[in-house]
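# Commentary on secondary and tertiary structure
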Amino acid sequence: MFSKLTILALPALAAAASCPAPPSPPSNPSCGSTHPKWTLDPINLSSYYTYTSPSASGPKLGSFSFTFATDQVDYEAQCSGSSVNPQGIFYGSQVFECVTPGGSGSKTTSFSFDSASSVVSVNTTFTCCDVCDVVYTTIGSVKIDLECETSTWRNPDWVAGELYSNTTTVCEPGAATVQL
Ligand SMILES: *[C@@H]1O[C@H](CO)[C@@H](O)[C@H](O)[C@H]1NC(C)=O
Ligand SMILES: *[C@@H]1O[C@H](CO)[C@@H](O)[C@H](O)[C@H]1NC(C)=O
Ligand SMILES: *[C@@H]1O[C@H](CO)[C@@H](O)[C@H](O)[C@H]1NC(C)=O
């Protein structure tokens, strides 16, 4: 009798002390849709390149970044990449990994940007809850339209060893939405 009471009392006490976590529900009821909506906002693009003589290209850097959100999950990915290609341009073959702080479950996002066509391509994988078995992968791309200003400075008294020219392009932060 005594031992039976003890056995009955223990689970009740344990339950009162710490509720066992229920299986985590999907963070978003519509998670797993085959038509997710993406938001890239803000999108920042800038570049800088120099010439050390009329024909020799010098240091150059292109920077491209955006914050990526999808209506499937409640966290965002920070995506950024840089380029040391001529004139700081980006080629679509260069893939960059995004960083996703917070959130839970599987989450990876990568992107590429092609300066010539202004197309951003994104691959993202996610699960709808902490320990869900299903991992979704979505792939999409969008052509972006940014307002950019380019200015070039040319050294009026150039002699060998000095900077011959520099060109800076800065774009107004832009945004894009993609309905897949
Ligand atoms: C994008 O540009 C905006 C406005 O200039 C700035 O506030 C923001 O920090 C930039 N974001 C990144 C990731 O560089
Ligand atoms: C997206 O995935 C496809 C197929 O795996 C791959 O060919 C492509 O390079 C990836 N793109 C990015 C931006 O990660
Ligand atoms: C180019 O370089 C000169 C000299 O270093 C600097 O004063 C100027 O701000 C630069 N211009 C641009 C557009 O980057």
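Procedures and definitions
- Residues numbered from 1 in each chain as written.
- Chains lettered and ligands numbered in written order.
- Predicted model: local features only at pLDDT ≥ 70, side-chain atom pairs only at ≥ 80, totals over all residues.
- Helix = DSSP H or I, 4+ residues; strand = E, 2+ residues; numbered from the N terminus.
- Buried ≥ 20, exposed ≤ 12 C-beta atoms within 10 Å, placed from the backbone.
- Near = placed C-beta within 6 Å.
- Nonpolar A, V, L, I, M, F, W, Y, C, P; charged D, E, K, R; others polar.
- Pairing = 2+ DSSP bridges.
- pLDDT = per-residue confidence, 0-100.
- Contact = placed C-beta atoms within 7 Å.
- Core = buried A, V, L, I, M, F, W, Y, C linked by C-beta atoms within 7 Å.

With that settled, consider the overall build of the chain. A tally of regular secondary structure across the chain gives one helix and 10 strands. Traced from its N-terminal end to its C-terminal end, the chain shows the element sequence α-β-β-β-β-β-β-β-β-β-β. The buried share among the 180 residues of the chain stands at 18%.

A word on the site of ligand 3. As a structural note, the neighbourhood of ligand 3 is formed by S151, W153, L163, N166 and T168. Elements with a minimum of two residues in the shell around ligand 3: β8 (148-154) and β9 (165-171). Residue classes in the shell around ligand 3 are distributed as two nonpolar, three polar and no charged.

With that out of the way, let us pick up the site of ligand 2. Lining the immediate surroundings of ligand 2 are V95, S110, F111, S112, S121, N123 and I139. Those elements that place two or more of their residues in the shell around ligand 2 are β5 (107-114) and β6 (119-126). Residue contributions to the shell around ligand 2 peak at three residues, all from β5. Among the residues making up the shell around ligand 2, the classes are represented as three nonpolar, four polar and no charged.

Hydrogen bonding along the main chain pairs the strands of a sheet, whether they run parallel or antiparallel. Ordered in space as β4-β5-β6-β7, the four strands form an open sheet in which the pairing is antiparallel. The open sheet has two edge strands, β4 (96-97) and β7 (136-143), and neither has a second partner.

Our focus in this paragraph is the confidence of the model for the chain. On average, the chain scores 84 in pLDDT, and the residues at 70 or more come to 83%. In the predicted structure, residues 1-23 sits below a pLDDT of 50 and forms zero contacts with residues beyond four places in sequence or in another chain.

Turning to the nonpolar core, a few remarks are in order. With 15 residues, the main nonpolar core has L40, F68, C79 and F111 as its most contacted residues. If you list the elements that add at least two residues to this core, you get β1 (37-51), β2 (57-70), β3 (76-83), β5 and β6. Here this core gets four residues from one element, more than from any other, and that element is β1. The residues contacting F111, other than those within four sequence positions of it, are C79, F96, C98, V120, S121 and V122.

Direction of pairing for β1 relative to β2: antiparallel, over a ladder of 11 bridges. Following the sheet pairing, W38 is matched in β2 by T70. The loop that links β1 with its antiparallel partner β2 comprises five residues. Summarising the sheet, β2 and β3 pair through eight bridges and their orientation is antiparallel. If you follow F66 over to β3, its bridge partner there is C79. The hairpin formed by β2 and β3 contains five residues between the paired strands.

Now for the pairing of β5. Two faces belong to every sheet, and in a regular strand the side chains alternate between them. Across two bridges, the pairing between β4 and β5 is antiparallel. From the neighbouring strand, F96 faces β5, where its bridge partner is F111. The pairing of β5 with β6 spans eight bridges and is antiparallel. By the bridge assignment, T109 is partnered in β6 with T124.

On to the environment of I144, then. Within the fold, I144 resides in the loop between β7 and β8. A sequence separation of 101 residues divides I144 from I43, and the C-alpha atoms of the two residues are 8.9 Å apart. Beyond its immediate stretch of four places on either side in the chain, I144 contacts I43, S118, V120, G174 and A176.

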